[in-house]
Amino acid sequence: MKLLIKGGLVVDPLGKIDPAADLLISEGKIEAVEKDIKYDGAQIIDATGKMVVPGLIDMHVHLREPGFEAKETIATGTRAAARGGFTSVACMPNTRPVADDQSVIKFICERAKETGVVNVFPIGAITKGSKGDELSEMADLKAYGAVAFSDDGFPVSRSDVMRRAMQYAKMVGLPIISHCEDKELASDGVMHEGYMSTVLGLKGIPAAAEEVMVARDIILAELTGCPLHLAHISTVGSVRLVREAKARGVAVTAEVTPHHFTLTDRAVAGYDTATKVNPPLRTDMDVAAVKEGLADGTIDVIATDHAPHTDEEKDVEYQYAPFGLVGLETAVGLVFTELIATGVLTPVEAIKKLTVNPARILGINKGTLAVGADADVTIIDPNIKEVVDVSQFETKGRNSPFIGRKLNGLPVMTIVNGNIVMHERKIIEK
Ligand SMILES: [Zn+2]
Ligand SMILES: [Zn+2]
């Protein structure tokens, strides 16, 4: 069965933007992108007034399987991705066991094939057990499908280990994704250190806990020549450091999350544990810097850091709750509402940060609507409005600080390898 998407605003950040073009999909591939395609017997999808974009890629999610299936599984996490408009996700290795050897990478790929509804690209651990001491078998991890290395959740605290990790990663030809946090400086802080943490009587994490590691990792990337991707940067200083490094020609890229460009530490005021994230929600100045970094290209990628937890884990006093929030199903709405509607980014710039840029960083053959490419396509209705309703979530996680928020601009269809997996905000059951 061929699919013919008619009359949409086709945005291919790799190629040209074509108002009111048609897209013909056949056998899992893009067969044609032209005006007025006629094809008898194709299933017609009317995309008038909507944006037809390459399938979105979230390069930073936690799918929790194996080991933490009460929080999320590959099945539920990929359903959440599909509902959020994502056709590909890259999952972090902090599972149990940690994805630090080929058997776990293999397991994730097999489970994704059996139970997943979107493409899953595993990220291998930098160090064994993500403990920060002994390097994983990077070449093996790559051979079994890893697309990058990260100890996300933890920093690689020892600079000598990080240096060697970068040397090996460069040899293997994959990027290092760094969770920048100086654990000693962060100490047992639970929110951003500043005026609000004083008012609320909660222990703070200083911006410096992130920035000193951003600076270190940039210096090590410069030393080793390894491509470095900085996960979830969130402060004025981090954005400045990345901007300066890029100007010097260092191979560094960076991502921000929707929650870090939408919320400030004032959101912690109700002690809602869904606002407890790592790095923490920052100040107005930090949010402004992140938006500037998005606008001037310092920040390449928007990624969710989707981190589901059970209600039991989050339903405790603020200081005892685990860090993390669920982001897959609210990301596109936040991008449209907070960045596009306000003029921070044009739609094309935003789509780039959700498609071609993450694809390029991970070296995966996705993020384009070129003829012959995999038919991963997302259709977004920029005019649709929806109030975030947790009962509609596909993720097992209920830890969203955006419940009740009105979002404007949402994905209405997700197509993976030529198959419609989400239509009108609902997963298509097989
Ligand atoms: Zn992290
Ligand atoms: Zn993470």
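These notes cover the structure that comes with them. (Residues numbered from 1 in each chain as written. Chains lettered and ligands numbered in written order. Predicted model: local features only at pLDDT ≥ 70, side-chain atom pairs only at ≥ 80, totals over all residues. Heavy atoms only, no water.)

A separate point is the sheet that holds strand 9 (residues 176-178). The sheet built from 4 strands is open, its strands ordered 9-12-13-14 with parallel pairing. The sheet is open, and its two borders are formed by strand 9 and strand 14 (301-302), each paired with just one other strand. As judged from the 2 bridges shared by strand 13 (residues 252-256) and strand 14, these two strands associate in the parallel manner. Counted as the bridge partner of Val256 is Ile302 from strand 14. Along the sheet, helix 4 (residues 159-172) contacts strand 9 and strand 12 (228-230); its crossing angle with strand 9, the most-contacted strand, is approximately 145°. (Pairing = 2+ DSSP bridges. Helix = DSSP H or I, 4+ residues; strand = E, 2+ residues; numbered from the N terminus. Contact = heavy atoms within 4.5 Å. Axes fitted to C-alpha atoms, helices over the stretch in contact; angles between N-to-C directions.)

Here we take up the coordination of the zinc ion (ligand 2). Donor atoms from the polypeptide that bind the zinc ion (ligand 2) are His60 (NE2), His62 (NE2), Asp152 (OD) and Asp305 (OD), placed at 2.0 to 2.2 Å. Considering all 4 donor atoms around the zinc ion (ligand 2), the spread of angles at the metal, 85 to 173°, places the coordination shape in the irregular class. Ordering the donors of the zinc ion (ligand 2) by residue number gives the pattern H-x1-H-x89-D-x152-D. Look at Asp305 and you get buried, because its relative accessible area is 10%. (Donors = N, O, S within 2.8 Å, 3.2 Å for Na, K, Ca; no water. Tetrahedral: all angles 85-135°; square planar, octahedral: opposite > 155°, others 65-115°. Buried < 20%, exposed > 50% of the residue type's maximum accessible area, 1.4 Å probe, protein only.)

Taken as a whole and judged by the stated rule, the model has 0 aromatic pairs. For Lys276, the ring lying beneath its charged end belongs to Phe323, and the centroid distance is 4.8 Å. (Phe/Tyr/Trp six-rings, centres within 6.5 Å; stacked < 30°, edge-to-face > 60°. Lys NZ or Arg CZ within 6 Å of the ring centre and 35° of its normal.)

Our focus in this paragraph is the coordination of the zinc ion (ligand 1). At this site the zinc ion (ligand 1) is bound by Asp152 (OD), His179 (ND1) and His232 (NE2), with donor distances of 2.0 to 2.1 Å. Expressed as a motif, the donor residue spacing for the zinc ion (ligand 1) is D-x26-H-x52-H. If you look at the zinc ion (ligand 1) and the zinc ion (ligand 2), they sit 3.6 Å from each other and are both ligated by Asp152. Taken as a pair, Asp152 in the loop between helix 3 (138-143) and helix 4 and His179 in the loop between strand 9 and helix 5 (183-186) lie far apart in primary sequence, 27 residues in all. Note on accessibility: Asp152 and His179 belong to one class, buried.

Let's shift gears to the sheet that holds strand 8 (residues 119-122). Reading across the sheet, the 3 strands line up as 6-7-8 and stay open at both edges, with parallel pairing between neighbours. Taken across any chain shown, the strands that pair with only one partner, and hence form the sheet edges, are strand 6 (56-61) and strand 8. On average, each strand axis in the sheet is tilted by 20° relative to the strand beside it, whichever way the strands run. In terms of strand pairing, strand 7 (residues 86-91) meets strand 8 through 4 bridges, oriented parallel.

Summarising burial for strand 13: 5 of the 5 residues are buried, a large majority. Along strand 13, one buried face is formed by Val252, Ala254 and Val256 and the opposite face, lined by Thr253 and Glu255, is buried too. For strand 12 and strand 13, the ladder comprises 3 bridges, and the chain directions are parallel. Directly across from His229, in strand 13, lies its bridge partner Thr253. With helix 8 (residues 236-248) bridging strand 12 and the parallel strand 13, this β-α-β connection has right-handed handedness. (Right-handed = clockwise from strand over helix to strand, strands pointing away.)

So, about the packing of helix 4 against helix 7 (residues 207-224). One way to put it is that helix 4 packs onto helix 7 with a least axis distance of 10 Å and a crossing angle of 45°. When the axes of helix 4 and helix 7 are compared, the pair comes out oblique. In this structure, helix 4 crosses over helix 7, and the sense of that crossing is right-handed. Judged by residue contacts, Ser159, Met162, Arg163, Met166, Gln167 and Lys170 of helix 4 engage Arg216, Asp217, Leu220, Ala221, Leu223 and Thr224 from helix 7. Taken together, the residues that form the contact of helix 4 with helix 7 break down as 5 nonpolar, 3 polar and 4 charged. (Parallel < 35°, antiparallel > 145°, perpendicular 65-115°, else oblique. Left-handed = near helix turned anticlockwise from the far one by under 90°. Nonpolar A, V, L, I, M, F, W, Y, C, P; charged D, E, K, R; others polar.)

Moving on: the side chain of Asp151. Note on placement: Asp151 falls in the loop between helix 3 and helix 4. Buried Asp151, no salt bridge; nearest opposite-charge side chain is Arg216, N-O distance 9.2 Å. Of the polar contacts made by the side chain of Asp151, one reaches the backbone nitrogen of Ile126; its length is 2.8 Å. If we skip the residues at most four places from it in the chain, Asp151 touches Ala125, Ile126, Thr127, Ser130, Gly132, Val156 and Ile177. (Lys, Arg positive; Asp, Glu negative; His and termini not counted. Salt bridge = Lys/Arg side-chain N within 4 Å of Asp/Glu carboxyl O. Polar contact = N/O pair within 3.5 Å; in protein donor to acceptor, adjacent residues only side chain to side chain.)

Look at helix 7 against helix 8: their axes get within 8 Å of each other, and the N-to-C directions meet at 15°. By the angle class used here, helix 7 and helix 8 are roughly parallel. Where helix 7 crosses over helix 8, the two elements pack in a sense that is right-handed. For the pair helix 7 and helix 8, the contacting residues are Glu210, Glu211, Val214, Ala215, Ile218 and Glu222 in the first and Val236, Gly237, Ser238, Leu241, Val242, Ala245 and Arg248 in the second. Classifying every residue of the contact of helix 7 with helix 8 gives 7 nonpolar, 2 polar and 4 charged.

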